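A look at the structure
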Amino acid sequence: MNTGTPAPDSYYERIDERHYKPTAHTGGAWDPDEQHFSPLGGLVVHAIERHLAARPDTGLVPARISYDILGRLALDECEIRVETIRPGRTIELIEAVVLIADRPVVRARAWLLATVDTSAVAAGPDDLLTPPQALTPWPMASVWPGGYIASLDVRPLAPPRPGRTTAWISTRHALVAGEPSSTLASYLALVDTANGIAVRQPPTAWMYPNVDLTVHLHRQPEGHWTGLDTTVTFGPTGQGLTSTVLHDLNGPVGHAQQILTVRPIPDR
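1. Considerations on the side chain of Asn-195
- Following the sequence through the fold, Asn-195 ends up in helix H4 (residues 194-197).
- Polar side-chain contacts of Asn-195 include one of 2.8 Å to the side chain of Thr-242.

In structure tokens:
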């Protein structure tokens, strides 16, 4: 992708109904010439919501969104195809496929569930994180390269520790230039950052990219901050797991899991 001109204050620019051009702000942490998956994950939700908006409102809301990363996310034009796999009045399954150069690189599925008033029985952990306004920004770009990391406002509750960090993430950039995105799409556009806030080993010596992301929500997030209470575990045979309790300013909203492929970086 030609990035010789200044990037707009957004992660993507729309080309047509299904095609998007990434800006330099999507540049990846493992390879700045690739897209970081985090904003692409939000773009997928944005595309799903546009698909749903083209029909009568059913009142269903996303409760689980799973992404499988199938290949290299080149910093190039992408296409998102969305279809309803399992229609229903109270439960529905939507699938989105991201293609770059006509090759599928991400396959995502979202379960939508009916909204019912269950406030009388709502219960669960309700711990509130220290609000971001009371915290000091952390220069995450001192650990990771790439335009996406450079675009973030990261505010940890305490100094990051190997394999364990809780932090708020926000950005001033729009998801798609010139068009509004929902709170959910903007929130999920930051969730994949979890794998980078709790560095267990230096990324200059070890690689541990995630091959998937699964998000479960027990309520819809609110506001402009994504809270990540993250633990990273490395196993003994090359697999790892990044587990995150997701928060907004009102408390927990769900969980995220990322499977990692862990391997040393070859000597150059």
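Right, picking up where we left off after that structure.
2. Quick word on the packing of aromatic side chains
- Considering all chains together, one arrives at six aromatic pairs under this definition.
- Ring geometry for Tyr-11 against Tyr-148: centres 5.9 Å apart, planes inclined by 50°, an arrangement best described as tilted. With a gap of 137 residues between them, Tyr-11 in strand S1 (residues 10-14) and Tyr-148 in helix H2 (residues 147-150) connect regions that are remote in the sequence. Assigned by exposure class, Tyr-11 and Tyr-148 land together as buried.
- For the pair Trp-30 and Trp-144, a centre-to-centre distance of 4.9 Å together with 80° between the ring planes defines the contact as edge-to-face. Separated by 114 residues along the polypeptide, Trp-30 in the loop between strand S2 (19-22) and helix H1 (37-53) and Trp-144 in the loop between strand S6 (103-113) and H2 bring together distant segments of the chain.
- Look at Trp-30 and you get partly exposed, because its relative accessible area is 31%.

3. Quick look at the pattern of salt bridges
- A complete count under the given rule lists 13 salt bridges for this structure.
- With a closest N to O distance of 2.7 Å, Glu-92 and Arg-55 form a salt bridge. Here the residue Glu-92 occupies a position in strand S5 (residues 91-100), and Arg-55 occupies one in the loop between H1 and strand S3 (61-69), the gap between them amounting to 37 residues.
- Residue Glu-95 pairs with Arg-107 through a salt bridge whose shortest N-O separation is 3.4 Å. Taken together, the positions of Glu-95 in strand S5 and Arg-107 in strand S6 put the pair 12 residues apart, joining distant regions of the chain.
- Relative accessible area serves as the criterion here: at 35%, Arg-107 is assigned to the partly exposed category.
- Because the salt bridges share partners, they merge into one network encompassing Arg-14, Glu-17, Arg-50 and Glu-179.

4. A short note on the nonpolar core
- One finds Leu-40, Tyr-67, Leu-188 and Leu-246 to be the most contacted residues of the largest nonpolar core, which totals 62 residues.
- Ranked by residues supplied to this core, first place goes to H1 with eight residues.
- Once residues lying within four places of it in the same chain are set aside, the contact partners of Leu-40 are Tyr-12, Gln-35, Leu-73, Cys-78, Val-98 and Val-106.

Calculation criteria
- Residues numbered from 1 in each chain as written.
- Predicted model: local features only at pLDDT ≥ 70, side-chain atom pairs only at ≥ 80, totals over all residues.
- Heavy atoms only, no water.
- Helix = DSSP H or I, 4+ residues; strand = E, 2+ residues; numbered from the N terminus.
- Polar contact = N/O pair within 3.5 Å; in protein donor to acceptor, adjacent residues only side chain to side chain.
- Phe/Tyr/Trp six-rings, centres within 6.5 Å; stacked < 30°, edge-to-face > 60°.
- Buried < 20%, exposed > 50% of the residue type's maximum accessible area, 1.4 Å probe, protein only.
- Salt bridge = Lys/Arg side-chain N within 4 Å of Asp/Glu carboxyl O.
- Core = buried A, V, L, I, M, F, W, Y, C linked by side-chain atoms within 4.5 Å.
- Contact = heavy atoms within 4.5 Å.

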